[in-house]
Amino acid sequence: MADPSSYRPKPGQIPDSPGVYKFRDEHRRVIYVGKAKNLRQRLANYFQDLAGLHPRTRTMVTTAASVEWTVVSTEVEALQLEYSWIKEFDPRFNVKYRDDKSYPYLAVTLNEEFPRVQVMRGAKKKGVRYFGPYGHAWAIRETVDLMLRVFPVRTCSAGVFKNAERTGRPCLLGYIGKCSAPCVGRVTPEEHRDLAEDFCDFMAGRTGTYIRRLEKDMMQAAEEMEYERAARLRDDAEALKRAMEKSAVVLADATDADLIAVAEDELEAAVQIFHVRGGRVRGQRGWVTDKVEAVDTAGLVEHALQQLYGEETGDSVPKEVLVPALPEDPDAVSQWLADRRGSQVSLRIPQRGDKKDLMGTVQRNAQQALGLHKTKRASDLTTRSRALEEIAEALGLDTAPLRVECFDISHLQGDDVVASMVVFEDGLARKSEYRRFQIKGFEGQDDVRSMHEVIGRRFKRYLQEKERTGEWEDTPAPTGPVPAPGGTGETDGTVEAGGTAETPTTVEAGGTGETPETAETPGTAETPRTGEPGPGTVSPPAQDLVTVREEPREDDGRPKRFAYPPQLVVVDGGQPQVAAAKRALDELGIDDIAVCGLAKRLEEVWVPDDDDPVVLPRSSEGLYLLQRIRDEAHRFAITYQRAKRAKRIRSSPLDDVPGLGETRKQALIKHFGSVKKLRQATIDEICEVPGIGRRTAESVAAAFATAAPAAPAVNTATGEIIEEDDGGSRT
């Protein structure tokens, strides 16, 4: 590892003009290329204290052994030279987009005597007109087949063309009218070239002229009673309309533009491009890249523009380029694009209207492309095995962690605090094992304490299962309280830190799907946590309580909740969360389960009793798997937290009235107009509502008397107070 100070240039040696710089390693290989308005200021940023550098930048400067630069006169020249050097040297620390597939184009070979229409891939050739790219080659062939009725341009290969020319017989397309057969002299080279240029004009978006001309000729043929010719012209016009329908109109003003969207996470980024010509989406393509350098969205956009237009000239560069974020120097990039096009190019962020809506569609495509890329990468068995081995090696585990559980805490400013547990087995999500928790030991915001509570609750259940199945003798004696065996509840009567015993029906809900279920059953009163019967309920006999808390039969074939221990527990957080999880396991006497945490900002892996994190390489499959597990736990937790918060906002004192269903709730609200007026009503006034007897009216009045008035809801956008509506919900 090189010391950057060993090759740092003297401040006076570096000019303060625009330029491009290269970092080389000890073998003289170029590892990074960059550009700057002011070379002196930019290079000084690389030679500051290593602790203040981004981890990716720190890795680059410690890998490098020298730096050199080239001065240019303008920022546009710097942009052009940077692109040229990246293409030439392929530096390992520069962002390099890789195509997720080889996209086909519809090409017209105008550089030949008899232009040919065909599907082409790969590098573009001079003198060939390209349209696209298209998602599939069959989409091009369908479009061409429709258009050959009107523009019978040659589509055959050079060998077929020469053979027909030699024999004097055209191919099948020449006989059925889908080729003008220039090979046998039916049309002159000039006439055939006119057909090819008309084909290109139509594909470029100038469609109205040809359809109107066909319809005019059709009407004229009908007036002259040439009905067969009129029918053929009608079919030709319909064929062109069907070809147009294959690319929907998205911008009404016949705009020519490219829309670029970026979806990214800590390690990778995906770019999607929609090519809009004449207001229609004519092509789409996408790239994926590893974020090997410290780069933000603006930097990713600039790299995408360089790769997209670096080899393009003329009309291949559109008049307008819409992006999610402007590059660091938008004027220089716009000028570079204008030089390649030969006229002005607008580079901007869409703010409103159809263009902003279409940008949202491109953004969703980018998100889906990134998700698909991650899914493909995770589904590879070899990759998963390598990831688990890397995790085991980094954490010093004896074997690969085939079962990993990850925990995350979610809340909104300390309210509705919940936690999630997701399970990955052999590197794949096991959604039937997902679990959710409500934090009940305390009120307020404390992620560390919440993590300690959740880990303790999960592994107390595990110890219960071990004792019930006869494995208790092999378990070390726990240092903390362990609930009595035989029940499915969290504590089975043992009071936790919150001071109340938890009831099984309100603790966790099994996550068999992606949408979390609420802990309480809708339409029924929640069972109080203290074990007292709720309103309208009847206390069961003592012997029945044992029956309610019994475990399912061992021969029912169902997997038991929390019965299987993981080899690795991952928590979303840094050193404090890891210490809390380890302390919870120590209190239960569990010492055979590894613990680590993944801190989101720098993607560092923390282990207990270690002041320094474990830093996995950015290209590590192990880090990628840990990140994916952490993100899934975060998604599952925040989904449950939002559902819980939404239910609380929609709740009403009427929900606690026994025997009051939705129909009579709506009748009460309709009669009084709002919950606020219903709260102020007397028992006699409530009795006036059809279907409401005196006992029910008394229960309604009692429910409002015991319920604390809800704090007014405020619209954070306008600041206005939101009044209560039916059923206690807000409007």
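Located above this text is the structure these notes cover.
Residues numbered from 1 in each chain as written. Predicted model: local features only at pLDDT ≥ 70, side-chain atom pairs only at ≥ 80, totals over all residues. Heavy atoms only, no water.

## What to know about the overall build of the protein chain
Then step 1. Helix and strand content of the protein chain: 21 helices and 22 strands.
Then step 2. Buried residues in the protein chain amount to 46% of all 731 residues.
Then step 3. Counted over contacts in the protein chain with a minimum sequence separation of 6, partners at least 24 positions apart contribute 65%.
Then step 4. Carbon and sulfur atoms form 49% of the exposed surface of the protein chain, whose accessible area is close to 36,600 Å². (Helix = DSSP H or I, 4+ residues; strand = E, 2+ residues; numbered from the N terminus. Buried < 20%, exposed > 50% of the residue type's maximum accessible area, 1.4 Å probe, protein only. Contact = heavy atoms within 4.5 Å. Areas by Shrake-Rupley, 256 points an atom, 1.4 Å probe, with all protein chains shown as cover.)

## Quick look at the environment of Gly 299
Then step 1. In this structure, Gly 299 sits in helix α10 (residues 297-309).
Then step 2. Spatially, the C-alpha atoms of Gly 299 and Val 95 are 9.2 Å apart, while their sequence positions differ by 204 residues.

## Thoughts on the sheet that holds strand β3 (residues 66-71)
Then step 1. Strand order in the open sheet formed by three strands is β2-β1-β3, with antiparallel pairing between adjacent strands. The open sheet is flanked by β2 (30-36) and β3, the only strands paired with a single partner. Neighbour to neighbour, the strand axes of the sheet diverge by 20 degrees on average, direction disregarded.
Then step 2. Running over the sheet, helix α1 (residues 39-46) touches β1 (19-24), β2 and β3 and is turned about 25 degrees from β1. (Pairing = 2+ DSSP bridges. Axes fitted to C-alpha atoms, helices over the stretch in contact; angles between N-to-C directions.)

## Things to note about the packing of aromatic side chains
Then step 1. Inspection of every chain in the model, using the stated rule, returns eleven aromatic pairs.
Then step 2. With centroids separated by 6.3 Å and ring planes inclined at 85 degrees, the aromatic side chains of Phe 151 and Phe 199 adopt a geometry described as edge-to-face. You can see Phe 151 sitting in the loop between α4 (137-147) and α5 (158-167) and its partner Phe 199 sitting in helix α7 (residues 189-203), a full 48 residues away along the chain. Across the pair, Phe 199 and Phe 151 agree in class, each one buried.
Then step 3. Through a chain of ring-to-ring contacts, three or more aromatic side chains come together here, namely Tyr 7, Tyr 21, Phe 23, Tyr 32, Tyr 46 and Phe 47.
Then step 4. One Lys or Arg, Arg 458, reaches over the ring of Phe 459 and ends 4.6 Å from the middle of that ring. (Phe/Tyr/Trp six-rings, centres within 6.5 Å; stacked < 30°, edge-to-face > 60°. Lys NZ or Arg CZ within 6 Å of the ring centre and 35° of its normal.)

## Here we look at the side chain of Asp 572
Then step 1. Tracing the backbone shows Asp 572 in strand β18 (residues 568-572).
Then step 2. Of the side chains with opposite charge, Arg 630 comes closest to the buried, unpaired Asp 572, at an N-O distance of 4.4 Å.
Then step 3. If we skip the residues at most four places from it in the chain, Asp 572 touches Phe 407, Asp 408, Met 451, Gln 577, Leu 598, Arg 630 and His 634. (Lys, Arg positive; Asp, Glu negative; His and termini not counted. Salt bridge = Lys/Arg side-chain N within 4 Å of Asp/Glu carboxyl O.)

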